[in-house]
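What the coordinates show
Listed here are the chains, written in short residue letters.
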Amino acid sequence: MTTTDISGLADALRGALRSSDGRLSKFNPLRRILTFDDFNDGLHGWVELGGNYNGRGDLESLDRHFRDMRPPQLSNANFFDVGTHGAMSGTYSMKLATRAHRGHSATGIRRLTMSGRGLLQIEAYLAWKTEANLSGTEQESNSFGDITWDANSHPSEAQFGSFTVATDLCTEGVRYHNVMRFVNADADGHLIQKWAYPVVPEPTPHERHEGVHDYEYGADFTAPDPNDWRYLSDDRVETCYNEVPTKINWHYLRFLIDTSTRSNVELQFNNDVMDLRGVPVPPYADKYESLENLLNFYFSARTVSGVRNFLFLDSVVISAGW
Amino acid sequence: MAMRQSQSAVIERGVDLDTVHSTDPFEVAWAGEARWFVQFLRPAPGCRVSIQVQISPDGISWIDHESVAARETEAVGMVSIPVAQFGHWLRLTTSKVAGESSPSLRIYLELKE
């Protein structure tokens with residue numbers, strides 16, 4: 001058997017084993033699975049993104065837009081009209097829930113380091129929803145932005161701002177973020193439904209310490225200036241929000257990057273595969289210490305309507321080509 | 001035997017209590033026991049605060065937990081309130097009942113299977 005034959009056989013075996021595994025067969029991981037997070041058995045290290053506090057932990061030493069990213073919740077997706085919706089697999093998913101405050105982001109992060117260089121991938125099954133509303137007059141509650149209730153479309157869909165999948169990586173002292181955001185609607189409830197990415201690195205607590213910036217509570221921590229974002233395409237992305245805020249249809253997401261070139265590679269959202277090799281990954285100008293081989297992924301949800309926005313994650317797989 | 005799942009959630013990390021404050025809805029269906037900690041980060045001596053555990057069937061409509069009486073305390077130090085049989089949602093409502101100044105609160109929710 002040649003080396004090529006052995007390699008092909010190994011790939012085929014790997015594929016056969018995975019496809020016979022009811023939990024993993026819905027994923028398409030790279031060769032080495034670093035993490036497999038099924039939220040039926042805990043949070044698996046996903047934690048609220050926290051800012052950098054001073055020597056005695058003073059709240060005021062944290063950036064205002066970094067003080068309140070909210071603890072993740074283990075959710076059984078429990079709703080007023082149908083009771084427990086459950087998850088794609090089992091009962092529980094991880095829920096990131098924003099405050100009912102315009103601009104607020106809920107962010108869960110997972111912290112690892114790299115033992116190699118090359119392709120790196122995160123996959124997830126996720127759903128996004130707004131908090132159901134049970135109050136107000138019909139006139140007040142039946143319309144928001146572009147959507148007026150017609151027994152198909154529901155105004156809640158226009159109340160979801162965006163969700164983001166991103167990295168925080170550092171190799172050879174160079175720190176950078178790969179970021180992709182699904183922008184669903186603007187603050188006025190106009191539907192956008194496009195993928196976007198920032199062209200600047202995320203503002204840092206050190207920059208605030210140096211007096212470079214001082215963002216307010218609810219500022220977009222990933223890239224606060226809307227002018228620093230670009231759409232991947234002008235085409236609207238059709239999704240399966242499914243009409244009301246209490247029906248959950250799980251969507252597949254796969255984000256592939258390359259840490260050997262510090263670049264984006266590909267984004268898959270259900271059956272759409274998008275080439276990201278032209279999408280920039282802006283690094284920080286200054287070199288970092290104490291962050292070598294940093295390998296963080298985060299998910300966030302951001303409300304711009306002021307209605308609580310939720311991002312549910314059924315399960316997440318991080319895999320590497322090294 | 002699997003170890004018991006647990007979560008410590010920092011529900012508030014420094015909220016000024018001027019009148020009444022309710023924490024955001026938190027899902028706890030998986031947990032069998034819970035304990036709140038309320039820490040007065042900026043104490044307000046002489047100020048009195050009432051703390052009430054609340055439950056909900058849907059995270060939208062809330063009532064007081066029937067077996068956890070409201071705890072009234074001076075706004076100094078830290079208080080803890082255990083709670084069981086809470087259903088699927090928990091929140092904590094704190095009310096200033098006496099005093100002029102406003103304490104700042106850090107609120108933890110400790111959950112365990």
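Quick note: structure is the one above.
Residues numbered from 1 in each chain as written. Chains lettered and ligands numbered in written order. Predicted model: local features only at pLDDT ≥ 70, side-chain atom pairs only at ≥ 80, totals over all residues. Heavy atoms only, no water.

What follows deals with the sheet that holds strand 10 (residues 104-112) of chain B. Residue and element names in this part refer to chain B. What the four strands build is an open sheet, ordered 1-10-4-8; its pairing is antiparallel. Looking along the sheet, the strands with just one partner apiece sit at the ends: strand 1 (6-16) and strand 8 (78-83). Here the strands of the sheet are splayed against their neighbours by 15 degrees on average, with no regard to which way each runs. Relative to strand 8, strand 4 (residues 33-42) runs antiparallel, the two being bridged by six bridges. Following the sheet pairing, R35 is matched in strand 8 by P82. (Pairing = 2+ DSSP bridges. Helix = DSSP H or I, 4+ residues; strand = E, 2+ residues; numbered from the N terminus. Axes fitted to C-alpha atoms, helices over the stretch in contact; angles between N-to-C directions.)

Here the focus is the packing of aromatic side chains. Residues and elements named next belong to chain A. For the structure shown, the criterion picks out 17 aromatic pairs over all chains. With 5.4 Å between their ring centres and 75 degrees between their planes, F27 and Y125 make a pair best called edge-to-face. Of the two residues, F27 sits in the loop between helix 1 (3-19) and strand 1 (32-38) while Y125 sits in strand 8 (residues 119-130), which places them 98 residues apart along the sequence. Accessibility classification places F27 together with Y125 in one group, the buried group. Note on F310 and F312: the rings are 6.2 Å apart at their centroids and 75 degrees apart in plane angle, and the pair reads as edge-to-face. Relative accessible area serves as the criterion here: at 8%, F310 is assigned to the buried category. F312 gets classed as buried once you look at its relative accessible area, which sits at 1%. If you follow K129 out to its NZ or CZ, it ends over the ring of Y241, 3.8 Å from the centre. (Phe/Tyr/Trp six-rings, centres within 6.5 Å; stacked < 30°, edge-to-face > 60°. Buried < 20%, exposed > 50% of the residue type's maximum accessible area, 1.4 Å probe, protein only. Lys NZ or Arg CZ within 6 Å of the ring centre and 35° of its normal.)

Attention now goes to the pairing of strand 10 of chain B. Residues and elements named next belong to chain B. Note: strand 1 against strand 10, eight bridges, orientation antiparallel. Paired with Q7 across the bridge in strand 10 is L111. Where strand 4 lies against strand 10, nine bridges are found, and the strand directions are antiparallel. Following the sheet pairing, V38 is matched in strand 10 by I107.

A few words on the environment of S233 of chain A. By secondary structure assignment, the location of S233 of chain A is in the loop between strand 15 (229-231) and strand 16 (251-258). Excluding residues within four positions of it along the chain, S233 of chain A makes contact with K194 and W195 of chain A. (Contact = heavy atoms within 4.5 Å.)

Moving on, we get to the interface of chain A and chain B. Taken together, the contacts link 29 residues of chain A with 20 residues of chain B. For the pair chain A and chain B, the summed buried surface comes to about 2,000 Å²; carbon and sulfur atoms form 44% of the total. Our enumeration of links across chain A and chain B arrives at five salt bridges. We note a salt bridge from R99 of chain A to D24 of chain B, for which the minimum N-O separation is 3.5 Å. Counting the contacts that link chain A with chain B gives 16 residue pairs in polar contact (both at pLDDT 80 or more). Listing elements by their share of the side of chain A that touches chain B, those giving two or more residues are strand 3 (73-75) and strand 4 (78-79) of chain A. When residues in the side of chain A that touches chain B are grouped by element, the largest group, three residues, is from strand 3 of chain A. (Buried area = accessible area lost by both parts, 1.4 Å probe. Salt bridge = Lys/Arg side-chain N within 4 Å of Asp/Glu carboxyl O. Polar contact = N/O pair within 3.5 Å; in protein donor to acceptor, adjacent residues only side chain to side chain.)

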